[in-house]
Amino acid sequence: MPKTSKKKQKKAEDFKKVKLKVGKKKAPPSNATDTSFTAKSIVLADQSITTDKGNQLTNSRNLSLKDVFSQLRHYSAITRKEALAGMSDILSLHPQLIYSELGPIIEGTVRLIVDDEPVVRKSLLQLYGSFLHQVPVRDLMPFIQLLVVFICSAMSHILEDIRADAVKFLDLLVEVAPEAIAQFSSRILPNFYSLLETNTQTFDKKSVEIKSRTMLLTQGNRVVIMRSCYNYLKAYTQSQSDYNNPLWFMDKASYAVNRGWSAAAAGAANRHISCNPTDAGLYFFPDDPSPFTALDLFGESVRKIGSSGAKDSTQHGSDTPTGGAGTTGTSVMVQSREALVRLFPFLQATWMEASTMFGAGQVVADKSLELCVFVVRILQVLWRSAYADGVPPDEMGLIGFLRQSMVYFPFGDGYEGHAEVEEALLSLNIKLYELIALVQLGASKHNVTSPVLETEMSKWTKRAIKAMVQTLGMSIKGQSKIGSGTQAQQVAVSMHFRHEHFVVLLPVVWQMMCGTDKEDAELLLAAVIHYTNACPLASASKALCTRFLTKVIETQWSRSPVSLKMPDFSTQEARGLLAKWAAGLPKLLWQLRNQNIDASLAVSEALRLIHQRTELLDSTARAGLQAGLATLFCVNVPERGIVYGPFKQYPPDIQRTVLEIVSYSTVPSKTLLQAIQVCFAENPPADQIRVFAEEILGW
């Protein structure tokens, strides 16, 4: 029990009398009200929405570019995101700021590539995508190196989501300035190796570098990174001239550079066998600056490879900014082989994982199909650059991959269903065509010591040629030799086979022609001619097919460079195919009229070449060509009178080319000359065309 004394003490506290002391202030009563108070001042910063900024360029929230820059360093991710949105707003309202403030814009935002918040990086990517396409490459060049530094830092970042977003910024730069970004391959490619290599690294507390691959295990992230890797490798290994010239693989200088030849070998390719000025070999490649450079009168052989595209392609592979020394095609080849060695284990493992869908017969539009497509695309780019003159038979790793792929080739044979799947399978087959062509081309240049491998390569080539011919709209039964039991019938070309697919397939056709025997080369030639005739008149492939066949004809009546391997179409069957196609060109030119100017120009140039520098047609065929040319001007149709042709509808350059064709005829027929005179009398051409006709025809 508590003591009684404690109870008394507690009771006494309630009625305790406070004693007053001298010098001490009297304590306030317990029920007194406290009336004291304190005051503090509040300082409000000026709000920009109320500030008069009539002399500044602002966005819809009355924020100037300086105000937005100050918010980019804010600690709040929401504020940084809103600052990027405000910058996008002000650039859309005042586009002139893109050019006048490009430096501060990039320097102020580039550090956000490695921002910790995904929403900020997403907003930055949207901002760059909205205005970088509008900036000329020459103005963007001083800032490419700065962008590459932060992108590479993001690709090697410790956080997985930052690494995954880094490739999106790289894709944007590749799209905007492919040649500029290709100069930094020695910095960018090692980061792709670290992202895609299969060897995992254990965590080490003493190690500065920590590589985590947890995010890369999902198929979706692998597709994103492999797509970015493919886009960059394509920009790095392919020069700008290849984009602008679909027939780059038939051009002498570009052919040499893309194969990584040395300067001496490229110079040898520029020199022809004969130095006779009347020799047709001087005109093997009419795109050269002048045909008489082969004479080496003024030291032309020591100049750089003679085309602007080849010069551009030598700039690849260097980290030197614009104006610095670039590397040669040999460096591109060496780095491509290194990339092939580093990435091949990952690509092979990915292929073995994803290609099981073909064996199960369940091809669907999912990530596995995309993985298969990008595996073959990356290999195709690297093989073309590393072994453009053919894959050596001793590259057993690459041969082994092709052996695995041929189990399912052609992919999705006979598949009909989802349009996206059909297009992916078509692209996959075209890429594998080229891999087979490179292996076959290498086998034709090197001795295959293994009889088993030689038999396998022969079977692969036959299957690839059969599939390629079918892709171009022909089905071959019986023997493959033209005119010896071949039963060719027309089949429907896939509705998904578009012009861009044909542009990719045409170099493969040429490589296969160069690497296979004459019979298969003639079969491919027949398929290309068939596809040329089947193309719609308004199709872009019409002009490309015509120019390809024109180059093929040109190679047969011109002296080839020593180092270039060309298909031989000197046989009677091949000459017959080309002559039959050439005989129908006047009719095609009449049908095209002005519906497809590019195709009309290609046909007229083909006719000029055939008349000027080849012996493809005999006298009878040339007489038939003159009769066909007369219809371009006018023709007298019974019961209808004179019907004028499409000559008057052509632009001046095509009219000039047609008149040159007439002048190159040995003896222009009387009917042809009368048709020209009647056409000019009824529909007088421009003065320059009339004067030109008088000069070349001797009127």
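Throughout, residues of each chain are indexed from 1 in the direction in which the sequence is written. pLDDT decides what is reported in this predicted model: residues at 70 or higher carry local features, side-chain atom pairs at 80 or more are listed and counted, and totals for whole chains, interfaces and linings draw on all residues regardless. Excluded from the side-chain calculation are hydrogens and water; included are all heavy atoms of the structure.

Caption draft 1: Quick look at the overall build of the protein chain. The secondary structure content of the protein chain amounts to 31 helices and four strands. The rule is simple: take the accessible area with a 1.4 Å probe, protein chains only, and divide by the maximum for that residue type; under 20% is buried, over 50% is exposed, in between is partly exposed. For the protein chain, the proportion of its 699 residues judged to be buried stands at 49%. We call two residues in contact when some of their heavy atoms are within 4.5 Å. Partitioning the intrachain contacts of the protein chain with sequence separation of at least 6 by distance along the chain shows that 71% fall at a separation of at least 24. Looking at the protein chain as shown, the accessible area adds up to about 35,000 Å², and 53% of this sits on carbon and sulfur atoms. A run of H or I in DSSP counts as a helix once it spans at least four residues, and a run of E counts as a strand once it spans at least two, with each numbered from the N terminus. Each accessible area is a Shrake-Rupley result for a 1.4 Å probe, and residues are judged covered by the shown protein chains and nothing else.

Caption draft 2: Helix 20 (residues 419-445), seen in detail. Here the expected span of a helix is defined as 1.5 Å times the quantity of residues minus one. The first and last C-alpha atoms of helix 20 sit 40 Å apart over 27 residues, in line with the 39 Å expected at 1.5 Å per residue. By the criterion of burial, helix 20 is predominantly enclosed, with 22 of the 27 residues buried.

Caption draft 3: Structural context of the packing of helix 6 (residues 118-131) against helix 8 (residues 160-176). Where helix 6 contacts helix 8, the two axes come as close as 11 Å, and the packing angle between them is 0 degrees. What the angle tells us is that helix 6 and helix 8 run roughly parallel. Residue-level inspection shows Pro118, Arg121, Leu124, Leu125, Tyr128 and Gly129 of helix 6 in contact with helix 8, the latter providing Asp161, Ile162, Asp165, Lys168, Phe169 and Leu172. Residues are grouped as follows: Ala, Val, Leu, Ile, Met, Phe, Trp, Tyr, Cys and Pro are nonpolar; Asp, Glu, Lys and Arg are charged; all remaining types, including Gly, are polar. Residues of the contact of helix 6 with helix 8, tallied by class, amount to seven nonpolar, one polar and four charged. Note on geometry: axes are lines fitted to C-alpha atoms, helical ones only across the stretch in contact, with angles between N-to-C directions running from 0 to 180 degrees. Should an angle lie under 35 degrees it is considered roughly parallel, over 145 roughly antiparallel, and from 65 to 115 roughly perpendicular; all remaining angles are considered oblique.

Caption draft 4: Structural detail: the pattern of salt bridges. For this analysis, a salt bridge means a side-chain nitrogen from Lys or Arg found within 4 Å of a carboxyl oxygen belonging to Asp or Glu. Under the definition given, this model contains 18 salt bridges. Here the salt bridges share partners, and the residues they tie into one network are Arg121, Asp161, Asp165 and Lys168.

Caption draft 5: Looking closely at helix 8. For helix 8, spanning 17 residues, the distance from its first C-alpha to its last is 26 Å, which sits close to the expected 24 Å at 1.5 Å a residue. Of the residues making up helix 8, those classed as buried are Ile162, Arg163, Ala164, Asp165, Ala166, Val167, Phe169, Leu170, Leu172, Leu173, Val174 and Val176. Residues of helix 8 that are buried sit in contact with helix 6, helix 7 (137-155), helix 9 (178-181), helix 10 (185-196) and helix 11 (219-237).

Caption draft 6: A look at unusual backbone geometry. Note that the residue after phenylalanine 409, namely proline 410, is joined by a cis bond; omega there is -10 degrees. Along the chain, the position of proline 410 falls in the loop between helix 19 (396-405) and helix 20. A positive phi angle, close to 50 degrees, is found at arginine 593, a residue other than glycine. Relative to the helices and strands, arginine 593 resides in the loop between helix 26 (585-592) and helix 27 (597-613).

Caption draft 7: Inspection of the pairing of strand 3 (residues 634-637) at higher detail. Only strands that DSSP links by at least two bridges are regarded as paired with each other. Summarising the sheet, strand 3 and strand 4 (residues 641-644) pair through four bridges and their orientation is antiparallel. Note on strand 4: the bridge partner recorded for asparagine 636 is isoleucine 642. Remark: three residues form the turn of the hairpin made by strand 3 and strand 4, two consecutive strands paired antiparallel; glutamate 639 in that turn has positive phi of roughly 70 degrees.

Caption draft 8: Examining the packing of helix 20 against helix 22 (residues 499-515) more closely. Axis separation between helix 20 and helix 22 bottoms out at 8 Å; the angle between their running directions is 20 degrees. Accordingly, the angle class assigned to the pair helix 20 and helix 22 is roughly parallel. In this structure, the crossing between helix 20 and helix 22 has a hand that is left-handed. Together, Glu423, Leu426, Ile430, Lys431, Tyr433, Glu434, Ile436, Ala437, Leu438, Gln440, Leu441 and Ser444 of helix 20 and His501, Val504, Leu505, Val508, Gln511, Met512, Cys514 and Gly515 of helix 22 make up the contact between the two elements. Residue classes in the contact of helix 20 with helix 22 are distributed as 12 nonpolar, five polar and three charged. It is the rotation of the near helix from the far one that decides the hand of a crossing: anticlockwise by less than a right angle makes it left-handed, clockwise makes it right-handed.

Caption draft 9: A look at the packing of aromatic side chains. Stacked, tilted and edge-to-face pairs are distinguished by plane angle, under 30 degrees for stacked and over 60 for edge-to-face with tilted covering the rest, among Phe, Tyr and Trp rings (Trp via its six-membered ring) whose centres lie within 6.5 Å. On inspection of all chains with the given rule, the structure shows 17 aromatic pairs. When the centroid spacing of 4.6 Å and the interplanar angle of 35 degrees are considered together, the rings of phenylalanine 633 and phenylalanine 647 count as tilted. With phenylalanine 633 in helix 28 (residues 619-633) and phenylalanine 647 in the loop between strand 4 and helix 29 (652-664), this pair connects stretches of sequence that are 14 residues apart. Residue phenylalanine 633 is classed as buried on the basis of its relative accessible area of 0%. What makes phenylalanine 647 buried here is its relative accessible area of 2%. Connected via pairs of aromatic rings, a cluster forms that spans Phe344, Trp351, Phe401, Phe409, Phe411 and Tyr433. Distance and angle both matter: a charge sits over a ring if NZ of Lys or CZ of Arg is within 6 Å of the ring centre and within 35 degrees of the ring normal. Positioned above the aromatic ring of phenylalanine 374 is the side chain of arginine 377, whose terminal nitrogen or guanidinium carbon lies 5.3 Å from the ring centre.

Caption draft 10: Up close: the confidence of the model for the protein chain. With 76% of its residues at a pLDDT of 70 or more, the protein chain shows a mean pLDDT of 77. Confidence drops under a pLDDT of 50 for residues 253-327, and excluding neighbours within four residues, the segment shows 144 contacts in the predicted structure. Per-residue pLDDT stays below 50 along residues 479-487; that stretch engages in 23 contacts with residues further than four places along the chain or on separate chains. pLDDT is a residue-level measure of predictor confidence that goes from 0 to 100.

Caption draft 11: Representation of the side chain of glutamine 335 in the model. On the secondary structure map, glutamine 335 appears in helix 16 (residues 329-354). In protein, a polar contact requires one atom able to donate a hydrogen and another able to accept it; more generally it is a pair of N or O atoms within 3.5 Å, and residues adjacent in sequence count only if both atoms are side-chain atoms. Reaching out from glutamine 335, the side chain makes a polar contact with the side chain of serine 185 at a distance of 2.9 Å.

Caption draft 12: Representation of the environment of glutamate 107 in the model. With respect to the secondary-structure elements, glutamate 107 resides in helix 5 (residues 102-109). A C-alpha to C-alpha distance of 8.9 Å links glutamate 107 and leucine 147, two positions 40 residues apart in sequence. Among all residues touching glutamate 107, those that are not within four sequence positions of it are Phe143 and Leu146.

Caption draft 13: Local environment of the environment of phenylalanine 184. One can find phenylalanine 184 in the loop between helix 9 and helix 10. You can call phenylalanine 184 buried: its relative accessible area is 2%. Along the backbone, phenylalanine 184 and glutamine 145 are 39 residues apart, and their C-alpha atoms lie at a distance of 8.1 Å.

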